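# Descriptive analysis of the structure
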Amino acid sequence: MVQSSVLGFPRMGVLRDLKKATEAYWSDKITQDALLAEGKRLRLAHWKIQKDAGVDIIPSNDFAYYDHVLDHIQLFNAVPERYTSQKLNTLDEYFAMGRGHQKGSVDVPALEMVKWFDSNYHYVKPTLQDNQTFSLAQDPKPVRHFLEAKEAGIHTRPVLLGPVSFLALGKADRGSSADPITHLSKLVPVYVELLKALKAAGADQVQIDEPVLVFDLKPEIKAAFKPAYEALGSLGAAGPQITIATYFGDIVHNTDVLSAFANVHALHVDLVRNPEQLETIVKQLGPQQVLSLGVVDGRNIWKNNFQKTLALVEKAVQALGKERIIIATSSSLLHTPHTLASEKKLPEEVYQWFSFAVEKAHEVVVLAKAVTQGPAAVQAELDANAAAMKSRAESKRTNNPDVKERQRQVTPEMHNRKSAFDVRYAQQKTHLSLPLFPTTTIGSFPQTSEIRIQRNKFTKGEITEAEYDAFIRKEIDLCIQIQDELGLDVYVHGEPERNDMVQYFGERLDGYVFTTYAWVQSYGSRCVRPPIIVGDISRPAPMTVKESKYAASVSKKPMKGMLTGPITCLRWSFPRDDVHQSVQAQQLALALRDEVVDLEKNGIFVMAVQVDEPALREGLPLRSGKEREAYLTWAVDSFKLSTAGVEDSTQIHSHFCYSEFQDFFHAIAALDADVLSIENSKSDAKLLKVFIDEAYPRHIGPGVYDIHSPRVPAPEEFKQRMQEMLEYLRPEQLWINPDCGLKTRTWPQVKPALANMVEAAKYFREQYKA
Ligand SMILES: CN1c2c(nc(N)[nH]c2=O)NC[C@@H]1CNc1ccc(C(=O)N[C@@H](CCC(=O)N[C@@H](CCC(=O)N[C@@H](CCC(=O)O)C(=O)O)C(=O)O)C(=O)O)cc1
Ligand SMILES: N[C@@H](CCS)C(=O)O
Ligand SMILES: [Zn+2]
């Protein structure tokens, strides 16, 4: 019998219940017990959904209150001393690592949070000391949750992040230098103890995720798999059977590592990303080993094409036989929204093209049944699926000849600014007349509950467009007044009119559809509602001119026009899977180019236009080589196409909210943006050395304020950060700004933090006065 399996389920619940409970707990509106009870309710509900769908292998320990990697930091007692010494209770210590803690006498910043592979999910980086020790936490969560499900009559397969990935995804803490992987021999015994505890609790199977196998691995990491899995795989009856799960790429380049898994029960591979790896992988398996086929996409919302999938599965069946096959989601479903059933406003035609987490759980079951019992057993489902595929393939919605014609007319010259940076900068300097160390912010100011309530009322038709517009103008006035008070140099309008930096554009572009409840966790309690690209993209009307023009008309200082760049719009949407992403990116670039030019035409030409491209890095193929270079070529071209239509005097800013840019520095340089702002407040300033080494001529604002945390950094902290940065950057190159937009913060947090930031900039201006 072929089994069906889900690698992980979204945590938030149908109505973002977990987000609401967590935020209520943080603001002291509910007790810790109430939050824990809500977590338990959600876990049980999600297990039941999968059980009712008929899923054979249901995950547990995929639930986390903030992030599953952070869970493992606590699970292995690998919490840095600056948190343990605060003597917070376990859950508050956990949240302190995730988001910082500033209450009473406790003031501790968050651990670094970075992108989870090439997704829009963020994980908290294990941060390890040179003398790091590990031990198993009391009442370990994977065991507790396994028992919780068991008590409800649901047998689960606990999910763990594997020891090699845990260490490889971590870093040495400030003041430490040991490569985390050198701690492996101390960590593996803790996994052994945990596996034994799981087995004793009744878990006969465990899913151990080793997603780093999709990367190009350095020899030390490759070598770590053997000792780790010799120990974990040799527990025999004392431990559960192990399935090693990999996702988001192929592992063909790491097949030399697979011998380390000789004693494991099964291997899971992502066949949505790389179906061609099947042929190689089946040859690598031991004679009894099972292959879990990741065929239902955990990263997108398109309905599975059963006919195509069954053809692929058939190849595996031919090679291994039905008994050695599992039909699974390609990755955890964490990256998909909860259920399509909630969507009441989607056009009828497109509704049938989609499948969210609940529906995907059904898909693995139908596919497994089709293989086990033969297609006739699920004929009705197969027919409905074929009809949905046909409807999409033949739909008029997907094709716009005007967009295609415009794409044919794109010329190489359209990608380049009129002049080189030094010529442009001379003009911008005169226009903007900025001081040394100019201060600015990244775009958004606090999205207060009042803003959200008014937008909600407008969406529901409870207030008119004129009333909503007037409200937004009042919010913009407030943002400008506060920037005046703070003494910032380059202003923003604050983005009060935007629900999200990608969804907002998706709602204004043809070729997109958007949802009502399709939330996906981005980090902690924060969710996004990615719009869905279903057809060729075009801009029916200006999208941001009204607000930017108003802001410019009421401010004394240069104003940035705020746009989200083409790659970020693409990556943070659910893209089409029937057209290459480079084509979708170019369509977005053309739409944005028109917007940039319109902003300039509307008198915003003395302002900087910031095209946010935080997802450029995220889209980078996970392995180096030809694919990566090809991606960077079309991604950089899209950015340049969107921005190059302006005069030299218009300053183009671009923003990156992550710091790991070393491996694609040449692409960042190739964007030819006049000013870059990058997340940097929690990274080592040494990372900035690349700008010196590569003789980067343009301007840079490495973030000095961690906006993910509610804490307010003191002026001295800002000064120290600037001092460190000045070791690597020329003073005339350095801008002072936060890591990212301020929408998640409150005004009482933002105002003092920015005041301290401006104070630090002024201090250095004095120091560097000619
Ligand atoms: C910069 N980042 C972003 C990423 N991806 C994006 N798509 N967008 C980003 O900004 N990836 C990397 C980072 C991740 N960071 C963040 C930061 C902040 C959020 C966030 O704040 N998310 C919000 C939801 C935003 C939104 O769409 N809001 C809507 C709906 C608001 C709402 O909940 N309304 C209520 C009714 C109103 C009320 O009574 O309060 C409702 O619908 O029930 C809006 O503003 O209109 C979040 O709350 O999680 C995400 C990623
Ligand atoms: N302009 C956006 C960028 C976030 S990456 C903001 O400020 O929220
Ligand atoms: Zn950002």
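As the structure is a computational prediction, the values presented were derived from the model and not from experiment. (Residues numbered from 1 in each chain as written. Chains lettered and ligands numbered in written order. Predicted model: local features only at pLDDT ≥ 70, side-chain atom pairs only at ≥ 80, totals over all residues. Heavy atoms only, no water.)

Attention shifts here to the packing of aromatic side chains. This model, assessed by the stated rule, comprises 29 aromatic pairs. For the ring pair Phe225 and Phe261, a centre distance of 5.8 Å and an interplane angle of 80° mean the geometry is edge-to-face. Here Phe225, found in helix H9 (residues 219–233), pairs with Phe261, found in the loop between strand S11 (241–245) and strand S12 (266–270); they are 36 residues apart in sequence, far enough to count as distant. With respect to burial, Phe225 and Phe261 carry one shared label: buried. Taking the centre distance of 5.8 Å and the plane angle of 75° together, the rings of Phe665 and Tyr696 count as edge-to-face. Taken together, the residues span a long stretch of sequence, with Phe665 in helix H24 (residues 665–670) and Tyr696 in the loop between helix H25 (689–693) and strand S23 (699–702) at a distance of 31 residues. You'll find Phe665 and Tyr696 in the same group, each marked buried. A connected cluster of aromatic rings, assembled from ring pairs, spans Trp116, Phe117, Tyr123, Phe215, Tyr247 and Phe248. (Phe/Tyr/Trp six-rings, centres within 6.5 Å; stacked < 30°, edge-to-face > 60°. Helix = DSSP H or I, 4+ residues; strand = E, 2+ residues; numbered from the N terminus. Buried < 20%, exposed > 50% of the residue type's maximum accessible area, 1.4 Å probe, protein only.)

Attention now moves to the coordination of the zinc ion (ligand 3). The protein atoms that coordinate the zinc ion (ligand 3) are His655 (NE2), Cys657 (SG) and Cys740 (SG), at distances spanning 2.1 to 2.4 Å. If you look at the zinc ion (ligand 3), its four donor atoms make angles of 101 to 121° with each other, and the shape they trace is tetrahedral. Overall, Cys657 belongs to the buried group, its relative accessible area being 17%. (Donors = N, O, S within 2.8 Å, 3.2 Å for Na, K, Ca; no water. Tetrahedral: all angles 85-135°; square planar, octahedral: opposite > 155°, others 65-115°.)

On to the nonpolar core. Counting 130 residues, the largest nonpolar core has Trp116, Phe225, Leu291 and Ile327 as the members making the most contacts within it. When near neighbours in sequence (up to four residues on either side) are disregarded, Leu291 contacts Leu267, Val269, Leu278, Ile281, Val282, Leu285, Leu320, Arg324, Ile325 and Ile326. By size, the runner-up hydrophobic cluster in this structure holds 89 residues, among which are Ile533, Ala585, Met725 and Leu754. (Core = buried A, V, L, I, M, F, W, Y, C linked by side-chain atoms within 4.5 Å. Contact = heavy atoms within 4.5 Å.)

On to the UniProt feature "binding site: Zn(2+)" (unreviewed entry) in the chain. When the UniProt feature table is mapped to this numbering, "binding site: Zn(2+)" (unreviewed entry) covers His655, Cys657, His666, Glu679 and Cys740. Looking at the secondary structure, you find Glu679 in the loop between strand S22 (675–678) and H25. Residue Glu679 is classed as buried on the basis of its relative accessible area of 6%. Looking at the element boundaries, Cys740 is found in the loop between helix H26 (715–726) and helix H27 (747–767). You can call Cys740 buried: its relative accessible area is 17%. Among residues more than four places away in sequence, those in contact with Cys740 are Ile442, His655, Cys657 and Ile707. (UniProt positions renumbered as here; feature names shortened; annotations may be inferred.)

Take helix H2 (residues 32–53) next. Here H2 is 22 residues long and its end C-alpha atoms lie 32 Å apart, about the 32 Å a rise of 1.5 Å per residue gives. What H2 keeps buried is the set Leu35, Glu38, Gly39, Leu42, Arg43, His46, Trp47, Gln50 and Ala53. Projection of H2 onto a plane perpendicular to its axis shows the buried side chains occupying an angular sector of 165°, all on one side. Set apart from the buried face of H2 by more than 90 degrees, the exposed residues are Asp33 and Asp52. Where H2 is buried, its residues contact helix H1 (17–26), strand S2 (58–60), helix H5 (90–99), helix H6 (141–151), strand S8 (156–161) and helix H13 (357–373). Taken from the residues just after H2, Gly54 is the one with a positive phi, measuring 95°. (Expected span 1.5 Å × (residues − 1). Arc of directions from axis to C-beta.)

Moving on, we get to the side chain of Ser4. Note that Ser4 resides in strand S1 (residues 3–5). Residues in contact with Ser4, not counting those within four places in the same chain, are Gly54, Val55, Asp56, Ile57, Ile326, Ile327, Val364, Val365 and Ala368.

Of all residues adjacent to ligand 1, which total 25 residues, the nearest are Lys19, Asn120, Arg455, Asp500 and Lys743. Within the side chain of Arg16, an N or O atom sits 2.7 Å from an oxygen atom of ligand 1. At 3.1 Å, a side-chain N or O of Arg526 approaches an oxygen atom of ligand 1. Expressed as a share of its isolated accessible area of 990 Å², the protein-covered part of ligand 1 is 84%. Among the elements of the structure, helix H17 (449–459), strand S16 (520–523) and strand S17 (526–528) are those that each provide at least two residues to the shell around ligand 1. Top contributing element to the shell around ligand 1 by residue count: H17, with four residues. (Near = heavy atom within 4 Å. Polar contact = N/O pair within 3.5 Å; in protein donor to acceptor, adjacent residues only side chain to side chain. Areas by Shrake-Rupley, 256 points an atom, 1.4 Å probe, with all protein chains shown as cover.)

Before going further, it helps to examine the packing of H1 against H2. Running from amino to carboxyl end, H1 crosses H2 at an angle of 170°, the nearest separation of the two axes being 9 Å. On the basis of the axis angle, H1 is roughly antiparallel to H2. Note on element contacts: H2 touches H1 through Gln32, Leu35, Glu38, Arg41 and Leu42, opposite Asp17, Leu18, Ala21, Thr22 and Tyr25. Grouping the constituent residues of the contact of H1 with H2 by class yields five nonpolar, two polar and three charged. (Axes fitted to C-alpha atoms, helices over the stretch in contact; angles between N-to-C directions. Parallel < 35°, antiparallel > 145°, perpendicular 65-115°, else oblique. Nonpolar A, V, L, I, M, F, W, Y, C, P; charged D, E, K, R; others polar.)

Attention shifts here to a nonpolar patch on the surface. Taken together, Val14, Leu15 and Tyr517 make up a surface patch of nonpolar side chains, about 250 Å² in accessible area. Counting through the fold element by element, Val14 comes out in the loop between S1 and H1. (Patch = residues over 30% accessible without salt bridge, like charges linked within 9 Å, V, L, I, M, F, W, Y side chains within 5 Å. Salt bridge = Lys/Arg side-chain N within 4 Å of Asp/Glu carboxyl O.)

For the rest of this paragraph, the subject is the UniProt feature "binding site: 5-methyltetrahydropteroyltri-L-glutamate" (unreviewed entry) in the chain. UniProt's entry tags Lys19, Asn120, Arg526, Cys527 and Trp572 with the feature "binding site: 5-methyltetrahydropteroyltri-L-glutamate" (unreviewed entry), counted in the numbering of this structure. Among the structural elements, Arg526 can be located in strand S17. Residue placement: Cys527 occurs in strand S17. Every residue in contact with Cys527, bar those within four places of it in the chain, is listed here: Met12, Arg16, Trp519, Val520, Gln521 and Ser522.

Pairing between the strands of a sheet comes from backbone hydrogen bonds, and it takes one of two forms, parallel or antiparallel. Pairing within the open sheet is parallel, and its eight strands lie in the order S1-S14-S13-S12-S11-S10-S8-S2. Edge positions in the sheet fall to S1 and S2, since each has one partner strand and no second. The sheet shows a mean angle of 30° between the axes of neighbouring strands, direction not considered. For strand S13 (residues 290–296) and strand S14 (residues 325–329), the ladder comprises five bridges, and the chain directions are parallel. Note that in S14 the partner of Ser292 across the bridge is Ile326. Packed on one face of the sheet, H13 meets S1, S13 and S14 and runs near 160° to S14. (Pairing = 2+ DSSP bridges.)

Another point: the environment of Leu291. Locating Leu291 in the fold gives a position in strand S13. With 48 residues separating them in the primary sequence, Leu291 and Thr243 have C-alpha atoms 8.9 Å apart.

This brings us to unusual backbone geometry. One non-glycine residue, Asn61, lies in the positive phi region at around 65°. Tracing the backbone shows Asn61 in the loop between S2 and helix H3 (68–75). Residue Phe117 is not a glycine yet carries a positive backbone phi of 50°. Along the chain, Phe117 turns up in the loop between strand S5 (113–115) and strand S6 (122–124).

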